[in-house]
Amino acid sequence: MAASVGTTPGGTTPAGMTPAGTTPESEKDTEFQEHEKILCPDFLSVAQITEMLAEDVDGVQQKLEKFLNFRSLQTCLKEASLLDYYVSGFLWARGMDFSIIQYSKFMTLLDMLLHNLRTLHMSLEDSIKWLREVMAEIGPSHSQKNEEWNIFDVKQANAIVDYLKISLFQHYKLYEFLFFSAREEIVIGTEVFVSPAFQLHLQTDSCESRNPACDGAAWMECAQIN
């Protein structure tokens, strides 16, 4: 985001300098507006989050099923898997005692990671890089002058990275299969069908950490947000 460096007709304005024709106040307003665009639009509304906070586990699942307009959970592996992904994320966030805005940004983060995979065909390595960039904006590594904009503190940000590692990144091949395999490979008639390819992913998933894109060094880089 445009924080300490701005573009001018003559080139780049060094940090600490204000472009001609602007004031520190207007520059700060512009920066704030850019910051507000991070993880927008919201995946869930404040009203929807508030409704789910009043529910037990089954209630949360039913609410999300309704909000996501899932109608084939009994026969569609994709819908069932995605519902589990979102329900598990929301329940994890509840254990973190997040505020409403933190719930909102976290659930939007979960959704955008899947969006990047589904629509941009983002690789595991690129998803990790994207997460690092986002956490740098909404987590504690953002510039000190904008500390009040940090949505998550150091402990929360690191916990989010750890959660995403076990909930999404270690199962990345499974989600790729859900999004990019032919529908008939996943659903046949009224029974959920698990193809041999999917079974192979399950068998090899425990070895996912050997992927160079998610080895210890990459995760240390991703988690270094404090």
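Residues numbered from 1 in each chain as written. Predicted model: local features only at pLDDT ≥ 70, side-chain atom pairs only at ≥ 80, totals over all residues. Heavy atoms only, no water.

(A) The arrangement of the nonpolar core in detail. Residues Tyr-86, Phe-106, Leu-109, Leu-164 and Phe-169 are the most contacted members of the largest nonpolar core, which totals 46 residues. Among the elements of the structure, α2 (46-53), α3 (57-67), α4 (77-95), α5 (100-120), α6 (124-138), α7 (154-167) and α8 (172-180) are those that each provide at least two residues to this core. (Core = buried A, V, L, I, M, F, W, Y, C linked by side-chain atoms within 4.5 Å. Buried < 20%, exposed > 50% of the residue type's maximum accessible area, 1.4 Å probe, protein only. Helix = DSSP H or I, 4+ residues; strand = E, 2+ residues; numbered from the N terminus.)

(B) Main features of the packing of α2 against α3. In contact at an axis separation of 9 Å, α2 and α3 are set at 155° when each is read in the N-to-C sense. Regarding the angle of α2 to α3, the classification is roughly antiparallel. Two packed elements cross with a definite hand, and for α2 against α3 that hand is right-handed. Here Gln-48, Glu-51 and Met-52 of α2 lie close against α3, whose contacting residues are Val-60, Lys-63, Leu-64 and Phe-67. Class assignment of the residues belonging to the contact of α2 with α3 gives a composition of 4 nonpolar, 1 polar and 2 charged. (Axes fitted to C-alpha atoms, helices over the stretch in contact; angles between N-to-C directions. Parallel < 35°, antiparallel > 145°, perpendicular 65-115°, else oblique. Left-handed = near helix turned anticlockwise from the far one by under 90°. Contact = heavy atoms within 4.5 Å. Nonpolar A, V, L, I, M, F, W, Y, C, P; charged D, E, K, R; others polar.)

(C) Structural view of α3. Turning to α3, its buried residues are Gly-59, Val-60 and Leu-64. Buried residues of α3, seen end-on, are gathered within an arc of 130° and therefore sit on one face of the element. Of the exposed residues in α3, those oriented more than 90 degrees away from the buried face are Asp-58, Gln-62 and Lys-66. On its buried side, α3 packs onto α2 and α4. Structurally, the start of α3 carries an N-cap: the backbone nitrogen of Asp-58 is 3.3 Å from a side-chain oxygen of Asp-56. Where α3 ends, the next residue or the one after it, Asn-69, has phi of about 60°, a positive value. (Arc of directions from axis to C-beta. Polar contact = N/O pair within 3.5 Å; in protein donor to acceptor, adjacent residues only side chain to side chain.)

(D) Structural context of the side chain of Ser-127. Turning to its location among the elements, Ser-127 is positioned in helix α6. When sequence neighbours within four positions are dropped, the list of residues in contact with Ser-127 reads Leu-113, Met-122, Phe-169 and Tyr-172.

(E) Quick peek at α6. End to end, α6 covers 21 Å across 15 residues, agreeing with the expected 21 Å (1.5 Å per residue, within 8%). Along α6, the positions that sit buried rather than exposed are Leu-124, Ser-127, Ile-128, Trp-130, Leu-131, Val-134, Met-135, Glu-137 and Ile-138. (Expected span 1.5 Å × (residues − 1).)

(F) Region of interest: the pattern of salt bridges. Using the criterion set out here, one finds 2 salt bridges in the structure. The salt bridge partner of Lys-63 is Glu-51, with a shortest N-O separation of 2.9 Å. Here Lys-63 is found in helix α3, whereas its partner Glu-51 is found in helix α2, with 12 residues between them in sequence. With a relative accessible area of 22%, Lys-63 lands in the partly exposed category. Overall, Glu-51 belongs to the partly exposed group, its relative accessible area being 35%. (Salt bridge = Lys/Arg side-chain N within 4 Å of Asp/Glu carboxyl O.)

(G) Inspection of the confidence of the model for the protein at higher detail. Of the residues in the protein, 59% reach a pLDDT of 70 or more, and the chain-wide mean stands at 74. A low-confidence stretch, residues 26-36 (pLDDT under 50), is modelled with 16 contacts involving residues beyond four sequence positions or located in other chains. The low-confidence segment residues 188-220 (pLDDT under 50) makes 43 contacts with residues lying over four places distant or belonging to another chain. (pLDDT = per-residue confidence, 0-100.)

(H) Fine view of unusual backbone geometry. For Asn-69, which is not glycine, the phi dihedral falls at a positive 60°. When its relative accessible area of 46% is taken as the criterion, Asn-69 is described as partly exposed.

(I) Fine view of the packing of aromatic side chains. Summed over all chains, the structure comprises 13 aromatic pairs. Relative to Tyr-172, the ring of Phe-169 lies with its centre 6.3 Å away and its plane at 40°, an arrangement referred to as tilted. An aromatic cluster of three or more residues is present, and its members are Phe-90, Trp-92, Phe-98, Tyr-103, Phe-106, Phe-152 and Tyr-163. (Phe/Tyr/Trp six-rings, centres within 6.5 Å; stacked < 30°, edge-to-face > 60°.)

(J) Structural context of a nonpolar patch on the surface. A cluster of nonpolar residues, Val-46, Leu-53 and Ile-100, forms a patch on the protein surface that exposes about 210 Å² of accessible area. Mapped onto the secondary structure, Val-46 falls in helix α2. (Patch = residues over 30% accessible without salt bridge, like charges linked within 9 Å, V, L, I, M, F, W, Y side chains within 5 Å. Areas by Shrake-Rupley, 256 points an atom, 1.4 Å probe, with all protein chains shown as cover.)

(K) Region of interest: the packing of α5 against α8. Contact geometry of α5 with α8 gives a least axis separation of 10 Å together with a crossing angle of 55°. Considering their axes alone, α5 and α8 lie oblique with respect to each other. In this structure, α5 crosses over α8, and the sense of that crossing is right-handed. Across the interface between the two elements, Leu-114, Leu-117 and Arg-118 from α5 touch Tyr-172, Tyr-175, Glu-176, Phe-179 and Phe-180 from α8.

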